[in-house]
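So you can see what is in the structure, the chains are spelled out below.
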Amino acid sequence: QVQLVESGGGLVQAGGSLRLSCAASARTFRPYNMGWFRQAPGKEREFVAAITWSGGSTSVANSVKARFSISRNSAKNTVYLQMNSLKPEDTAVYSCAAALRQLNAYDSWGQGTQVTVSS
């Protein structure tokens, strides 16, 4: 079982930036892709961004495409979410997930990290 640990969340003012990290504990880590999701209070979880592990192809939700980007460091088994120009509506718990057996079928999840953007 792969353990995913997120870090980098916190409190930031509107317009600020944060970089989230998600590190996988497995010695051999070859997911099909990795994704970031977020869930705000009272709302459903929503897709934020994803990246394929082998080729590094990315997809980012339209709502954040101009401000967020995803990247990975295969040597460190780590995926990142760079968030710029943060808005109060970005406030949520951000979780990373790994699709270990099938592309976009996320079957391993981290515990999440809180991001709070103050106005």
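Bear in mind the structure is a predicted one, so any value in this text is a computation, not a measurement. Position labels on residues start from 1 in each chain and follow its written sequence. Only residues with pLDDT of 70 or above have their local features reported here, since the model is predicted, and side-chain atom pairs are shown and tallied only from 80 upward, although totals for entire chains, interfaces and linings are computed over all residues. Each side-chain value is worked out from all heavy atoms of the structure, with water and hydrogens disregarded.

Regarding the nonpolar core
Then step 1. Here, the term nonpolar core denotes a set of buried Ala, Val, Leu, Ile, Met, Phe, Trp, Tyr and Cys residues that are joined through side-chain atoms within 4.5 Å. Think of it in three bands: residues with accessible area under 20% of the maximum for their type are buried, residues over 50% are exposed, and the middle band is partly exposed, with areas taken using a 1.4 Å probe on protein chains only. Residues Trp 36, Leu 81 and Tyr 94 are the most contacted members of the largest nonpolar core, which totals 31 residues.
Then step 2. Each helix corresponds to a stretch of at least 4 residues labelled H or I by DSSP, and each strand to a stretch of at least 2 residues labelled E; elements are numbered beginning at the N terminus. Contributing elements (two or more residues each) for this core: strand 3 (18-24), strand 4 (33-39), strand 5 (46-52), strand 7 (68-73), strand 8 (78-83), strand 9 (92-99) and strand 11 (113-118).
Then step 3. Pairs of residues are marked as contacts when any of their non-hydrogen atoms sit within 4.5 Å. The contacts of Tyr 94, once residues within four sequence positions are left out, are Glu 6, Leu 20, Trp 36, Phe 37, Arg 38, Val 48, Phe 68, Leu 81, Met 83, Gly 112, Thr 113 and Val 115.
Then step 4. Core analysis: the next-biggest nonpolar cluster, separate from the first, contains five residues, Ala 50, Ala 97, Ala 99 and Tyr 106 among them.

Digging into unusual backbone geometry
Then step 1. In this structure, Asn 77 takes a positive phi of about 50 degrees despite not being glycine.
Then step 2. Mapped onto the fold, Asn 77 is located in the loop between strand 7 and strand 8.
Then step 3. Residue classification places Asn 77 among the buried residues on the basis of a relative accessible area of 11%.
Then step 4. A positive phi is found at Asn 104, a non-glycine position, where the angle reads about 65 degrees.
Then step 5. Counting through the fold element by element, Asn 104 comes out in the loop between strand 9 and strand 10 (108-109).

Focus on the pattern of salt bridges
Then step 1. Here, a salt bridge means any side-chain nitrogen of Lys or Arg that lies within 4 Å of a carboxyl oxygen of Asp or Glu. Applying the stated criterion to the full structure yields four salt bridges.
Then step 2. Its salt-bridge partner being Asp 90, residue Arg 67 comes within 2.7 Å of it at the nearest N-O pair. In this pair, Arg 67 sits in the loop between strand 6 (58-60) and strand 7 while Asp 90 sits in the loop between strand 8 and strand 9, placing the two residues 23 residues apart along the sequence. For the residue pair Arg 67 and Asp 90, the accessibility class agrees, reading buried in each case.
Then step 3. Each member of the salt-bridge network shares a partner with another, and the members are Arg 38, Glu 46, Arg 67 and Asp 90.

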